[in-house]
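Next come the chains, spelled out residue by residue.
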Amino acid sequence: GPAVDKNGNVYFTDQPNDKIWEYGIDGKLSVFMDHAGRSNGMYLDNSGNIISCADEHNELWSISPDKKVTVLAKNFEGGIFNGPNDIWVNPVSGGMYFTDPYYPRNYWAKDHQHLSRENVYYLRKKGRKTRLAASGLNKPNGIIGSADGKTLYVADIGANKTYQYAIRKNGRLSNKQLFTNQGSDGMTIDNEGNIYLTGEGVTVYNWQGSFVEHIKIPEAWTANVCFGGRYMHLLFITASKSIYIVQMKVKGVQ
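Not measured: the values here are computed from a predicted model.

A. Molecular detail of the state of the cysteines. Counted according to the given criterion, the structure contains zero disulfides. In this model C53 remains outside any disulfide bridge; the closest cysteine sulfur is found in C226, 15 Å from its own. Note on C53: relative accessible area 0%, which makes it buried. Residue class for C226 comes out buried when judged on its relative accessible area of 6%.

B. Examining unusual backbone geometry more closely. Unlike most non-glycine residues, N160 shows phi in positive territory, near 55 degrees. Within the secondary structure, N160 is located in the loop between β16 (151-156) and β17 (161-167). On the basis of relative accessible area, N160 is assigned to the partly exposed category, the value being 43%. You will see that N175, though not glycine, has its phi angle at about 55 degrees, which is positive. By the secondary structure assignment, N175 is in strand β18 (residues 173-180).

C. Molecular detail of the sheet that holds strand β19 (residues 187-189). An order of β19-β20-β21-β22 is seen for the four strands of this open sheet, with the pairing classed as antiparallel. Edge positions in the sheet fall to β19 and β22 (211-215), since each of these pairs with one other strand and no more. Each strand axis lies, on average, 20 degrees off the axis of its neighbour in the sheet, ignoring direction. Across four bridges, the pairing between strand β21 (residues 201-205) and β22 is antiparallel. Residue pairing for β22: V202 is matched across the bridge by I215.

D. Here's a closer look at the environment of K19. Positionally, K19 belongs in strand β3 (residues 19-23). Relative accessible area serves as the criterion here: at 23%, K19 is assigned to the partly exposed category. Those residues in contact with K19 that sit more than four places away from it in its chain are F12, T13, D14, V31, M33, D34 and A36.

Criteria and cut-off values
- Residues numbered from 1 in each chain as written.
- Predicted model: local features only at pLDDT ≥ 70, side-chain atom pairs only at ≥ 80, totals over all residues.
- Heavy atoms only, no water.
- Disulfide = S-S within 2.5 Å.
- Buried < 20%, exposed > 50% of the residue type's maximum accessible area, 1.4 Å probe, protein only.
- Helix = DSSP H or I, 4+ residues; strand = E, 2+ residues; numbered from the N terminus.
- Pairing = 2+ DSSP bridges.
- Axes fitted to C-alpha atoms, helices over the stretch in contact; angles between N-to-C directions.
- Contact = heavy atoms within 4.5 Å.

As structure tokens, then:
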């Protein structure tokens, strides 16, 4: 679950060991947080807080720079989330979209009464009220949005498809369209509007959904990806056991 702050420092999760790590723009690697709620996908908000899909107890967290944890959401209409997986914070409205697929975890003491459907949810910045954003998906996983806050991309990894939605001013989604016939674990976007999907390496599509490039990774699975570094031109790729960095000609957007 890599995520970048405004300075280009990258935070990523080691979920099996329940840690969040920081890879600084100085190239140094350090543990940012132990006992991180089994954080999975993350994103930083405009205030510098890490918004984390903490699926140890199926919650959405806000982690401040001084590591203070605030639980933002933990249920929907009385039902416990399946396990929040990935998240994107709209840079314009501050609203948060997150996916909630069901993946049983071996660190759960016992399975919980999870929601019957696997959906995408929206958490408003004001009032912190959670509402349904997108349904009718098999297993939504990766999620990312455009820099202008007007388009949302959601990967349905269960159906091996990625969709795009128009974002209205009230945060609601409309005009669902197929973006490409490929699903994804984590996702990111660059300053030219290219979308990066993960799974078998990294596959790049332009904003129209046409194939651009495939970046091979020497591991069985690529989990997530984001841009970072001092100039936001380094592509950070988190695979099963390693992190890979590619210097790009494009830059990431936040």
